[in-house]
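# Descriptive analysis of the structure
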Amino acid sequence: MGLFDDDFYSTKVSRRKSGKSKSTGGYADGKWAVRKSKRSLATWQISLISSVCSAVAAVLLFSLVTGQFAAERAQAPVVIDKVAASSADPYDRIIQAAAHIRPAVVSIINHKQDNKELNILDESALGSGVIYKKDDNKAFIITNNHVIEGAGKLEVVTVDGVTHKAELVGADKVSDIAVLSIDGKGIDRIAEIGDSSKLRLGETVIAIGNPLGLGDTLTSGIVSYTERTIPVSLNQDGVYDWEQEVIQTDAAINEGNSGGALVDLDGKVIGINTMKISDTGVEGLGFAIPSNHVVDTANELTSKGRIARSYLGVYSVDLNNPYVPLADDQRKELNLPSLVTDGVVVLDAVGPAKEAGLQLNDVITKFNDKPITSTLSLRKYLYDHTKIGDKLKITYYRNGEVKQTTVQLLEKPEE
């Protein structure tokens, strides 16, 4: 039994029995014999012609079919390579991605201002960074603001073990991004920045940096959440006054990883590792600032040295903050109507706010008729919805009476 069923295709040919006929001689016998020979010759010719025609037809049919397949293959998009690439061994892809990004990830040493003379180094002075740009014989490095905060002297150690003196180009506490510069000599690899908006849940990523001083360390994991919002305290006073949009990953991130790269399997930086939740019983909760947010901030810091934002000039506390609630006597002093439950209490007014007449114990409830319920919402409205020089209508309560004033916003001064 072959590939095809024998009943369907058989090479057996049936034969008829043939016997000898007696020759009777004479014309009649000779005529019959001649006719028989002619008939046999004609049959043979017909068979030959049929065989040739069948062969030609088979060749034409084969050429037509194979030619059509070849044309279809030529015209069809090449997807085999893509499928092969997407189904390649992920461990091999991790190795390739790591080899691609390693030369662009550096260790950062922050010699604290207080320890400058003694040259003392503590664990909090260690961090990571990513070389993202090279211009005018300088290489520019993205890191976190909290990595370089309070620095007396900054040093960068590249993957080949060479130590470079680093200069602070600019830093921004709100976004927690800072940019350093070093001499570009010998810097051959620049990190390729990916599109963080295209991240998918469950996508494999790697984190590379300088955890606990163990430079050039690689860990891997997945994208646990693509757009997580984490409350943060900018002043580290325990009061959440900002929200950071981050990528959540279960790749191991430890102290010193801050400022390092979160990388996809193409070797592209899709985030800057910035924080983790460290508590008893908590594992695999690390966060990175998305690359799309980082690059815009880094470019502005490189060109201007700072991030220009609108400035109102109020120091405030939330009217309804579950973490730092107002005392009953403080609430009574505000003399607010019972319907006012959310807002921002002014502790001090300077700059534009003072010029507009705001003062201690005023309770701000609206900006341009939009509700302001907390210091966080106040700051987000200023940073996200206004520009320097805009006029802002403020609704507030003073001694139980609702009032309005207009403020012209200025540029936020450097701290």
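Report on the accompanying structure. Note that this is a predicted model, so its numbers are computed, not measured. (Residues numbered from 1 in each chain as written. Predicted model: local features only at pLDDT ≥ 70, side-chain atom pairs only at ≥ 80, totals over all residues. Heavy atoms only, no water.)

## Here we look at the pattern of salt bridges
Summed over all chains, the structure comprises 13 salt bridges. Between Glu411 and Arg306 there is a salt bridge; the shortest N-O distance is 2.2 Å. Here Glu411 is found in strand β20 (residues 410–411), whereas its partner Arg306 is found in the loop between α5 (291–304) and β13 (310–311), with 105 residues between them in sequence. On the accessibility criterion, Glu411 (38% relative accessible area) is partly exposed. Here Lys380 makes a salt bridge to Asp384, at a shortest N to O gap of 3.9 Å. Highlighted residues: Lys380 and Asp384, both in helix α8 (residues 375–385), separated by 4 residues, approximately one helical turn. (Salt bridge = Lys/Arg side-chain N within 4 Å of Asp/Glu carboxyl O. Helix = DSSP H or I, 4+ residues; strand = E, 2+ residues; numbered from the N terminus. Buried < 20%, exposed > 50% of the residue type's maximum accessible area, 1.4 Å probe, protein only.)

## Quick look at the sheet that holds strand β7 (residues 204–209)
The sheet built from 6 strands closes into a barrel, its strands ordered β7-β8-β9-β12-β11-β10 with antiparallel pairing. Taking each pair of neighbouring strands and ignoring which way they run, the sheet shows an average axis angle of 50 degrees. Bridging between strand β8 (residues 217–232) and strand β9 (residues 242–249) involves 7 bridges; their strand directions are antiparallel. Paired with Thr229 across the two strands is Glu245, which belongs to β9. In the packing of helix α3 (residues 90–101) onto the sheet, the strands contacted are β7, β8, β10 (261–263) and β11 (269–276), and the crossing angle to β7 comes to about 35 degrees. Along the sheet, α5 makes contact with β9, β11 and β12 (286–290), crossing β12 at roughly 50 degrees. (Pairing = 2+ DSSP bridges. Axes fitted to C-alpha atoms, helices over the stretch in contact; angles between N-to-C directions. Contact = heavy atoms within 4.5 Å.)

## A word on the packing of aromatic side chains
Scanning the entire structure with this criterion turns up 2 aromatic pairs. Seen in terms of ring centroids, Trp242 and Tyr383 are 5.6 Å apart; in terms of plane orientation they differ by 55 degrees. Their pairing is tilted. Separated by 141 residues along the polypeptide, Trp242 in strand β9 and Tyr383 in helix α8 bring together distant segments of the chain. Like Tyr383, Trp242 is buried. Of note, Arg228 hangs over the ring of Tyr225, and the distance from its end group to the ring centre comes to 3.8 Å. If you follow Lys380 out to its NZ or CZ, it ends over the ring of Trp242, 4.9 Å from the centre. (Phe/Tyr/Trp six-rings, centres within 6.5 Å; stacked < 30°, edge-to-face > 60°. Lys NZ or Arg CZ within 6 Å of the ring centre and 35° of its normal.)

## Quick notes on the sheet that holds strand β2 (residues 126–135)
The antiparallel closed barrel is built from 6 strands, whose spatial order is β1-β2-β3-β6-β5-β4. Going across the sheet, the axis of each strand differs from the next one's by a mean of 40 degrees, ignoring polarity. Here 4 bridges tie strand β4 (residues 151–157) to strand β5 (residues 163–172), and the two strands are oriented antiparallel to one another. Within the sheet, the bridge partner assigned to Glu155 lies in β5 and is Lys165. Across the sheet, α5 touches β2, β3 (138–143), β5 and β6 (177–183), and the angle it forms with β6 is around 55 degrees.

## Considering the nonpolar core
Note that soluble globular proteins tend to have their nonpolar side chains buried in a common cluster. Grouped together as the largest cluster of nonpolar side chains are 28 residues, with contacts concentrated most on Leu312, Leu358, Ile364, Phe367, Leu378, Leu382 and Ile394. Take this core: its biggest share by element is 5 residues, from α8. Counting residues in each nonpolar core, the second largest holds 25 residues, with Tyr132, Val269, Ile272 and Ala298 among its members. (Core = buried A, V, L, I, M, F, W, Y, C linked by side-chain atoms within 4.5 Å.)

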